[in-house]
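Residues per chain, in single letters:
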Amino acid sequence: MASKQLSTIRKWVLSSPPAEWALNQLRELLIGAIKQGEVPRHVAFVMDGNRRYARSRRIETVEGHNLGFEALARILEVCYKSGVHTVTIYAFSIENFKRSRYEVDALMDMAKIKLTQLSQHGELLDRYGARIRILGQRELLKPDVLEAMDRACDMTKHNTETVLNVCFPYTSRDEITTAIRRTVQEYSKPVKRPRTEQKRLSPFTEERITQTLKTQHRDSFQAEERLQDLEPKTLSSPSLSSASLSDFQTRLSRSQSLDAKDHDHEADTSSESSSATTNLHYELLSPSSASSPPTSYAGSPQSKPQLRPSNTTSPEHSQKELSSYPSPESITSGTITSHLFTADDPPLDLMIRTSGVERLSDFMLWQCHEETRVVFLDVLWPEFDLWQFLPVLWEWQWRGRKEEQRRRLIEGRLV
């Protein structure tokens, strides 16, 4: 009985105007102290504990979600005042559709109302220049909910200072699947670019090896065709012996081997191999020795053999060579990141989950990297406020300073 009376007196004192003024001044002072150090650019929240809070207070589940929204408004103000650029909230999971129809409909209706309230002129998001972005599978939402969310995004699209990402409905596995699908679609389209802009391939990639084998096979096939065409004429010539024919074949194979080793590009190799083959043909048909230049044929300095040029291609074939598909070997983790819902956001610095549950629940799995600080707090989301949030920010800053000191110490030793 005494504890209940003390709790009532405490609430009455704290709600008095002098106490509210003092608390506001203290809050501003603490937030100002936070801004003096490094502040995380991207913070994510898993707002867990609304239903448990409602059950513990013996109120309706929907009322627990309403109180959770009030807590969100308080935390957003602290984040934007402290200098956080991007806030991402886990508002509704795709798995939440498995809940009761009554709760799902209530959450949808509340989302429409609350997002509209946040986006109105002069409200929280407008004061701090925050823009709303809806992340998730939009096709799973009802038309009226989707219309309300698009309206909220349109009302805040002029804000460019900060960002509020609302994951609704969302799971990280679905986001990664969508990113991979977009990457496959992008790499399945042919890209046309000039030959001079084509990248030099590594000599040990599968693509380079395949191109080299194809070029060697084509060059050897073309050389055999030319040899067969010239064989009757060269064998009937009285100035050509079997030794010169054998020497020609040896030099031809040696030339193709050297061209294959120095294979920087398929078009360049084809041109060099064809040029070397043509020169050898001229030397073969020349009545002089192999070292003499091909200035005459059959004793006549004006006459030259009419050989087919090996590097001429039709306009259609040349155009096809300019069109190529992006190499799958160029796909990196950055490629997948560029196709995520959060592609335009800073890296995730801090993730906070309330209610004491220590799991990610399929949220921001790809975005959590080696420098992301994940914090699990044993407090229900409607009770989460500045006094639970400030220690987390202080610890994040302290860890950042320690890491910076360690990095400088290592760099000093290396120098």
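Coordinates for the structure precede this section.
Everything numeric here is computed off the predicted structure, so don't read it as measured data.

Caption draft 1: A look at unusual backbone geometry. The omega torsion of the bond from Phe-168 to Pro-169 falls at -20°, within 30 degrees of zero and hence cis. Along the chain, the position of Pro-169 falls in the loop between strand E4 (162-167) and helix H8 (172-187). One non-glycine residue with positive phi stands out, namely Met-364, at about 55°. Its place among the elements puts Met-364 in the loop between strand E7 (350-353) and strand E8 (373-376).

Caption draft 2: Fine view of the sheet that holds strand E3 (residues 130-135). Strand order in the open sheet formed by six strands is E3-E4-E2-E1-E7-E8, with parallel pairing between adjacent strands. Because the sheet does not close on itself, it has two edges, and the strands there are E3 and E8. Across this sheet, the average inter-strand angle for adjacent strands is 15°, counted without regard to direction. Bridge analysis of E7 against E8 gives four bridges, and the strand direction is parallel. When the bridges of E8 are listed, Arg-353 appears paired with Phe-376.

Caption draft 3: Just a nonpolar patch on the surface, in detail. Judged by side-chain polarity, Ile-9, Trp-12 and Val-13 come together as a nonpolar surface patch covering roughly 340 Å² of accessible area. Inspection of the secondary structure puts Ile-9 in helix H1 (residues 2-14). Judged by its relative accessible area of 48%, Ile-9 falls in the partly exposed class.

Analysis parameters
- Residues numbered from 1 in each chain as written.
- Predicted model: local features only at pLDDT ≥ 70, side-chain atom pairs only at ≥ 80, totals over all residues.
- Heavy atoms only, no water.
- Helix = DSSP H or I, 4+ residues; strand = E, 2+ residues; numbered from the N terminus.
- Pairing = 2+ DSSP bridges.
- Axes fitted to C-alpha atoms, helices over the stretch in contact; angles between N-to-C directions.
- Patch = residues over 30% accessible without salt bridge, like charges linked within 9 Å, V, L, I, M, F, W, Y side chains within 5 Å.
- Areas by Shrake-Rupley, 256 points an atom, 1.4 Å probe, with all protein chains shown as cover.
- Salt bridge = Lys/Arg side-chain N within 4 Å of Asp/Glu carboxyl O.
- Buried < 20%, exposed > 50% of the residue type's maximum accessible area, 1.4 Å probe, protein only.

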